[in-house]
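# Report on the structure
Next come the chains, spelled out residue by residue.
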Amino acid sequence: MSKEQLIIFDTTLRDGEQSPGASMTKEEKLRIARQLERMRVNVIEAGFPAASNGDFAAVKAVAEVIKDSTVAALSRAFDKDISRALEAIKPAASGRIHTFLATSPIHMEKKLRMSPDDVIAAAKSAVRFARNGIDDVEFSCEDAGRSELDFLCRVIEAVIKEGATTINIPDTVGYNVPEQFAERIKQLRARIPNSDKVVWSVHCHNDLGLAVANSLAAVMAGARQVECTINGLGERAGNASLEEIVMAVRTRQDIFPCETRIDATQIVPASKMVSSITGFPVQPNKAIVGANAFAHESGIHQDGVLKHRETYEIMRAEDVGWNANKLVLGKLSGRTAFRARLKELGIEVESEQVLNTAFMRFKELADKKHEIFDEDLHALMSDEAVTPENERYRLVSSMFHSETGEVPLARLIISTEGIEKEAEASGSGPVDATFKAIESIAASGSELLLYSVTAITTGTDAQGEVTVRLAKDGRIVNGQGADTDIVVASAKAYIHALNTLSSKKEKLNPQI
Ligand code: KIV
Ligand code: ZN
């Protein structure tokens, strides 16, 4: 007999983006959304359209391309917000409105300054309005984890009568503990007369490190949707991490009464993509996606695993997408093979011109690095995402000098709106000198918030992937660059960030 489905609702592009510094451009959101669809996530929460024109455009763009996942848009419980969200998800093959209102005494009294009866009236009216525009409506009782049970029952019963199809119980401040949170879900489902008409969902924050435990306890108590994010990205300490929820349910099918439709082999590629786009590194000992998650150091463990894998391993690394970086292409591979591999990886190439430049860059890379892996292609194509339209600055050539006892020096030629300019600077190291040289041309006056380097694959010929985070006038942007020379990768990342900063796009990263 087949089990019930556990709906995986990913909010990396909405709650995840609310992490300070994790703002994403429309193109970056599209890349992640495509990867989530490839992973077979049921619902992708793409953003909060009323927050800004930039977020509206990003949600709409996601709605236009995603076919196999429902695209959800968040909105406060106002008709104006809901109308904007409805407009953004109009192109979606399957769309959802996710509207929310706080129900805890502290939020109602101090933040909303609304009486409990007013909250019920506003919640009903929002759900009614949303249902006039779309069939799939989710209602969230913000701070449900600290709301009074009797009041929650009243609000939820009322919004179900108005046509809500999913009821979400967020532990907004990460205050709950597993047994008590599960009991809350059980009580709500038992006490609300029309509770069987909706899917019960949970959305847990990780302030006490309990987001995954609370979500899984709620699943045992009847929740059939979990809201989560890749790498547990999200406000403050983050949200429940998708990879941990999915793999716990899959690994412990002996106890969970439901299953997901997720293609787990896409988990590690998704984790790497989110980490590279946001510049948030994954800690090595992070479950499932940390670099050490499947590494056995102690002799006793290694001996056991060699004799019989299950002695120390409850999951297989390859099942979650580790070691999937097959050797794909080499120096002699042609355009057809290159194009075919990009297609297999789900990487969209906008035009023949983009394909031609990407292919040229692939050949240059293959000259420096004999084995090209999937990760290299992802990095190469994300560099290509900086199209001439948004490319104000471009690195033309670079020279670095670094020698024991000498002051490191960088000399660069940068094209600025088509005009080549030369700059030279010294610094405490070649990267510092490079950034100073770039700034001497761009004079952006931005503040460097983050600089990080990771190796994309293994081996000393691996490409280094650099993330640079810049802040200016309240706007925070990330830039990425990859190259076998990490100083060149650093220059590319800095220039990418400058190009994003100088684009006219509105700030994404909305805070609710
Ligand atoms: O944490 C929260 O309460 C939220 C809601 C908007 C669902 O993110
Ligand atoms: Zn949240």
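Residues numbered from 1 in each chain as written. Chains lettered and ligands numbered in written order. Predicted model: local features only at pLDDT ≥ 70, side-chain atom pairs only at ≥ 80, totals over all residues. Heavy atoms only, no water.

## Re the site of ligand 1
Condition: Distances are taken per atom, and a residue is near a molecule or strand as soon as one of its heavy atoms is within 4 Å of it. Distance and chemistry together define a polar contact, namely a pair of N or O atoms within 3.5 Å, with one atom able to donate a hydrogen and the other to accept it when in protein, and with adjacent residues in sequence counting only for side-chain atoms on both sides. Note on areas: Shrake-Rupley, 1.4 Å probe, and residue coverage restricted to the protein chains presented here.
In the region of ligand 1, twelve residues are neighbours, and Arg14, Asp15, Thr172, His203 and His205 sit closest. Contact between ligand 1 and Thr172: an oxygen atom at 2.6 Å from a side-chain N or O atom of the residue. One nitrogen or oxygen atom from the side chain of His203 is found 3.1 Å from an oxygen atom belonging to ligand 1. Relative to its unbound accessible surface of 260 Å², ligand 1 loses 97% to contact with the protein.

## A few points about the coordination of the zinc ion (ligand 2)
Where we set the bar: Counted as donors are N, O and S atoms no farther than 2.8 Å from the metal, or 3.2 Å for Na, K and Ca; water is not among the atoms, and sites may therefore look incomplete. With a 1.4 Å probe rolled over the protein chains alone, any residue whose accessible area is under 20% of its type maximum counts as buried; one over 50% counts as exposed, and the rest are partly exposed.
Binding of the zinc ion (ligand 2) to the protein goes through Asp15 (OD), His203 (NE2) and His205 (NE2), at separations of 2.0 to 2.2 Å. Mapped onto the sequence, the residues coordinating the zinc ion (ligand 2) show the spacing D-x187-H-x1-H. For the pair His203 and His205, one class covers both residues: buried.

## A closer look at the packing of helix α5 (residues 116-133) against helix α6 (residues 149-161)
In helix packing, the relevant descriptors are the interaxial angle and the interaxial distance, both defined with respect to the helix axes. Let me state the cut-off plainly: Each axis is a line fitted through C-alpha atoms, and for a helix only the stretch in contact is used; angles between axes span 0 to 180 degrees, taken between their N-to-C directions. Only runs of H or I of at least four residues qualify as helices and only runs of E of at least two qualify as strands under DSSP, and these elements are numbered from the N terminus. Geometric relationships in this document are graded by angle, where less than 35 degrees denotes roughly parallel, more than 145 denotes roughly antiparallel, 65 to 115 denotes roughly perpendicular, and other angles denote oblique. Each crossing gets its hand from how the near helix is turned against the far one by less than a right angle, where anticlockwise is left-handed and clockwise is right-handed. Any two residues whose heavy atoms approach within 4.5 Å at even a single point are treated as in contact. The residue classification treats Ala, Val, Leu, Ile, Met, Phe, Trp, Tyr, Cys and Pro as nonpolar and Asp, Glu, Lys and Arg as charged. All others, Gly included, are polar.
As a packed pair, α5 and α6 sit with axes 9 Å apart at the nearest point and diverge in direction by 25°. In terms of axis orientation, α5 runs roughly parallel to α6. Between α5 and α6 lies a crossing whose hand is right-handed. From α5, Pro116, Asp117, Val119, Ile120, Ala123, Lys124 and Val127 reach across to α6, where they touch Phe151, Arg154, Val155, Ala158 and Val159. When grouped by side-chain class, the residues that make up the contact of α5 with α6 number nine nonpolar, no polar and three charged.

## A closer look at the side chain of Asp171
In plain terms, the rule: When charges are counted, Lys and Arg contribute as positive and Asp and Glu as negative, whereas His and the chain ends are disregarded. Any carboxyl oxygen of Asp or Glu that lies within 4 Å of a side-chain nitrogen of Lys or Arg is treated as forming a salt bridge with it.
Inspection of the secondary structure puts Asp171 in strand β7 (residues 166-171). Buried within the structure, Asp171 lacks any salt-bridge partner; Arg146 is the closest side chain of opposite charge, at an N-O distance of 6.5 Å. A polar side-chain atom of Asp171 sits 2.9 Å from a polar atom in the side chain of Asn176. In this view, Asp171 contacts Gly145, Asn176, Phe181, His203, Cys204, His205 and Asn214; residues no more than four positions away in its chain are not counted.

As far as function goes, none of this settles anything; it's purely spatial.
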